[in-house]
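Remarks on the overall topology
Chain residues, written in single-letter form:
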Amino acid sequence: MKISEISVSRPIFATMMISALLVLGLFSYTELSIDMYPDVDMPIAVVQTVYPGASAGTVESEVTIDIEDACNQVAGIRHLTSTSTEGFSLIIIEFELERDGAEATQEIREKVSQIIPSLPRDIEEPIIGQFDLSAVPILA
């Protein structure tokens, strides 16, 4: 009842308090940053290899399986998924959350660089990168 008594007995004071709260709220709202995805380091490495003119079966047998075997030697792998299409190999390596993503990606780079001489000469240099959630667009 105290708020209603003050509002009735001092209407200008009540109006000024409401105005101050409204201005403070609008200022706070404009300064509030909103991000669709929080800043999270997902320990996921991606290996992309282009083998021009090769069939999906050839890409799988000559490129994908060799790179998978090399990547399997790295400790802390949770899931390893690969896709082979005509002229393209994609391997996604998901590590345990305790692993540092940059460190795990560097280990994958080292393992893949060791087997490059045994891969076919026609392939392009494998592209090894770390998956970054902040690089994914919010609206597609």
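These lines cover the structure that appears in this document, whether it is placed above or below.

So, how was this worked out
Residues numbered from 1 in each chain as written. Predicted model: local features only at pLDDT ≥ 70, side-chain atom pairs only at ≥ 80, totals over all residues. Heavy atoms only, no water. Pairing = 2+ DSSP bridges. Helix = DSSP H or I, 4+ residues; strand = E, 2+ residues; numbered from the N terminus. Axes fitted to C-alpha atoms, helices over the stretch in contact; angles between N-to-C directions. Contact = heavy atoms within 4.5 Å. Buried < 20%, exposed > 50% of the residue type's maximum accessible area, 1.4 Å probe, protein only. Lys, Arg positive; Asp, Glu negative; His and termini not counted. Salt bridge = Lys/Arg side-chain N within 4 Å of Asp/Glu carboxyl O. Polar contact = N/O pair within 3.5 Å; in protein donor to acceptor, adjacent residues only side chain to side chain.

A few words on the sheet that holds strand S1 (residues 44-50). One open sheet holds the four strands; their spatial order is S2-S3-S1-S4, and the pairing between them is antiparallel. In this open sheet, the two strands that pair with only one neighbour each are strand S2 (77-85) and strand S4 (127-130). Strand-to-strand twist across the sheet, computed as the mean angle between neighbouring axes with direction ignored, equals 15°. Both S2 and strand S3 (residues 88-95) contribute to a ladder of eight bridges, which runs antiparallel. Within S3, the position partnered with threonine 85 by the bridge is phenylalanine 88. Strands S1, S2 and S3 of the sheet are contacted by helix H3 (residues 56-71), whose axis makes an angle of about 160° with S2. Here helix H4 (residues 101-115) sits on the sheet in contact with S1, S3 and S4, set at roughly 165° to S4.

Next up on the list: the side chain of glutamate 68. The topology assignment puts glutamate 68 in helix H3. There is no salt bridge for the buried glutamate 68, and the closest opposite charge comes from lysine 111, which lies 16 Å off by N-O distance. Only 2.3 Å separates the side chain of glutamate 68 from the side chain of serine 82, close enough to count as a polar contact. Once residues lying within four places of it in the same chain are set aside, the contact partners of glutamate 68 are Leu80, Ser82 and Ile91.

What follows concerns the pattern of salt bridges. Applying the stated criterion across every chain yields a total of three salt bridges. Between glutamate 94 and arginine 78 there is a salt bridge, and its shortest N-O distance comes to 3.4 Å. Note that glutamate 94 is positioned in strand S3 and arginine 78 in strand S2, a separation of 16 residues in sequence. Classification of glutamate 94 as partly exposed rests on a relative accessible area of 22%. In this structure arginine 78 comes out as partly exposed when scored by relative accessible area, which is 44%. Linking arginine 99 and glutamate 107 is a salt bridge whose minimum nitrogen-to-oxygen distance equals 2.8 Å. Exposure remark for arginine 99: the relative accessible area of 17% places this residue in the buried category. Several salt bridges share partner residues, and in doing so they unite Arg99, Glu103 and Glu107 into one network.

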